[in-house]
Amino acid sequence: MIFIDEGFVAERIAQLRMQKGVSARDMSLSIGQSNNYINSIENRKTLPSMRGFFYICEYLDITPQEFFDEGNSFPEDMRGFLQEARKLDRSSFQAIMTLMKKINEKK
């Protein structure tokens with residue numbers, strides 16, 4: 001049996017919604033729900049149905065896999081980054097990887 005961490009779902013929706021810069025009310029109405037739908041999810045009063053979950057992902061312009069990828073804080077940006085990285089030749093790709101590693105070492 002699979003269990004879903006309600007806290008993760010609530011926090012992830014809030015995180016991604018805020019990155020998109022929209023209110024819970026506007027998001028709720030945009031996906032065809034009552035004005036407090038997203039708020040009730042973020043406050044852990046309910047979980048979205050599967051259909052509701054897919055609407056949420058579509059609205060946020062992410063895949064369900066990206067939604068559950070905790071290490072991916074900016075899924076829409078990451079997808080764009082990977083699309084551009086796929087266009088690079090090997091030398092350019094390695095140069096960017098070297099730069100990324102140097103940046104991450106300084107943290």
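Computed from a prediction, not measured in an experiment: that's the story for all the values here.

Draft legend 1. Examining the overall build of the protein chain more closely. The helix and strand tally for the protein chain stands at 7 helices and 0 strands. When the helices and strands of the protein chain are read in sequence order from the N terminus, they spell out α-α-α-α-α-α-α. For the protein chain, whose C-alpha radius of gyration is 17 Å, the value lies well above the compact-globule estimate of 13 Å for 107 residues. Its C-alpha atoms put the protein chain at 50 × 30 × 25 Å along the principal axes. Per-residue burial over the protein chain gives 30% buried out of 107 residues. In the protein chain, 49% of the contacts between residues at least 6 apart in sequence involve partners at least 24 apart. Accessible area of the protein chain: about 7,800 Å², with a carbon and sulfur share of 53%. One way to put it: in the protein chain the 15 positive side-chain charges average out to a point 3 Å from where the 15 negative ones average out.

Draft legend 2. Representation of unusual backbone geometry within the structure. The phi dihedral of arginine 44 is positive, around 65°, even though this residue is not glycine. For aspartate 61, which is not glycine, the phi torsion reads 60° and is therefore positive. Relative accessible area serves as the criterion here: at 38%, aspartate 61 is assigned to the partly exposed category.

Draft legend 3. Main features of helix H4 (residues 50-60). Buried within H4 we find Gly52, Phe53, Ile56, Cys57, Tyr59 and Leu60. The arc that holds every buried residue of H4, seen down its axis, measures 160°, which confines them to one face. More than 90 degrees from the buried face of H4, the exposed residues found are Met50, Arg51 and Glu58. Looking at the buried positions of H4, the neighbouring elements they touch are helix H1 (6-20), helix H2 (24-30), helix H3 (37-42), helix H5 (64-68) and helix H6 (75-85). Directly after H4, the chain includes aspartate 61, whose backbone phi takes a positive value near 60°.

Draft legend 4. Structural detail: the pattern of salt bridges. Overall, the coordinates contain 5 salt bridges when judged by the stated rule. Of the charged contacts, one joins glutamate 66 and arginine 79 as a salt bridge, the two residues approaching to 2.8 Å between their closest N and O atoms. A residue pair is termed long-range when its members are at least 10 positions apart, and glutamate 66 in helix H5 and arginine 79 in helix H6 qualify at 13 residues. By relative accessible area, which is 24% here, arginine 79 ends up partly exposed. Each of the salt bridges in this network shares a partner with another, and the network as a whole consists of Asp61, Glu66 and Arg79.

Draft legend 5. Structural detail: the nonpolar core. Core analysis: the largest hydrophobic core is formed by 18 residues, its most contacted members being Ile13, Met27, Ile38, Ile41, Ile56, Leu60 and Phe67. When contributions to this core are tallied by element, the ones reaching two or more residues are H1, H2, H3 and H4. In terms of residue count, H4 provides more of this core than any other element does, 5 residues in total. Look past the residues within four positions of isoleucine 56 in its chain and what remains in contact with it is Ile13, Met27, Ile31, Tyr37, Ile38, Ile41 and Pro48.

Draft legend 6. Looking closely at a nonpolar patch on the surface. Together, Met78, Phe81, Leu82, Leu88, Phe93, Ile96, Met97 and Met100 make up an exposed nonpolar region whose accessible area comes to about 600 Å². If you list the elements that add at least two residues to the nonpolar patch, you get H6 and helix H7 (90-105). In this fold, methionine 97 is placed in helix H7.

The rules we used
Along every chain, residues carry numbers that run from 1 in the direction the sequence is written. Side-chain atom pairs in this predicted model are given and counted only at pLDDT of 80 or more, local residue features only at pLDDT of at least 70, and totals for whole chains, interfaces and linings cover all residues. Heavy atoms throughout the structure, all of them, feed into the side-chain values; hydrogens and water do not. Going along the chain from the N terminus, every DSSP run of H or I of four or more residues is numbered as a helix, and every run of E of two or more is numbered as a strand. The reference for a compact globule is 2.2 Å times residues^0.38; the radius of gyration itself is calculated from the C-alpha atoms. Exposure categories follow from relative accessible area, calculated using a 1.4 Å probe and restricted to protein chains: below 20% of the type maximum is buried, above 50% is exposed, and the middle band is partly exposed. We call two residues in contact whenever any of their non-hydrogen atoms come within 4.5 Å of each other. Here, Shrake-Rupley sampling with a 1.4 Å probe gives the accessible areas, and only protein chains in the shown set may cover a residue. Positive charges come from Lys and Arg, negative ones from Asp and Glu, while His and the chain ends are left out of the count. The atoms used to mark charge sites are NZ of Lys, CZ of Arg, CG of Asp and CD of Glu. Arc definition: it is the arc formed by the directions from the helix axis to the C-beta atoms. A carboxyl oxygen of Asp or Glu within 4 Å of a side-chain nitrogen of Lys or Arg is what we treat as a salt bridge. Buried Ala, Val, Leu, Ile, Met, Phe, Trp, Tyr and Cys residues that are joined via side-chain atoms within 4.5 Å together make up what is termed a nonpolar core. Within this analysis, patches are made of residues with over 30% relative accessible area and no salt bridge. Like charges are joined at 9 Å or less; nonpolar side chains (Val, Leu, Ile, Met, Phe, Trp, Tyr) at 5 Å or less.

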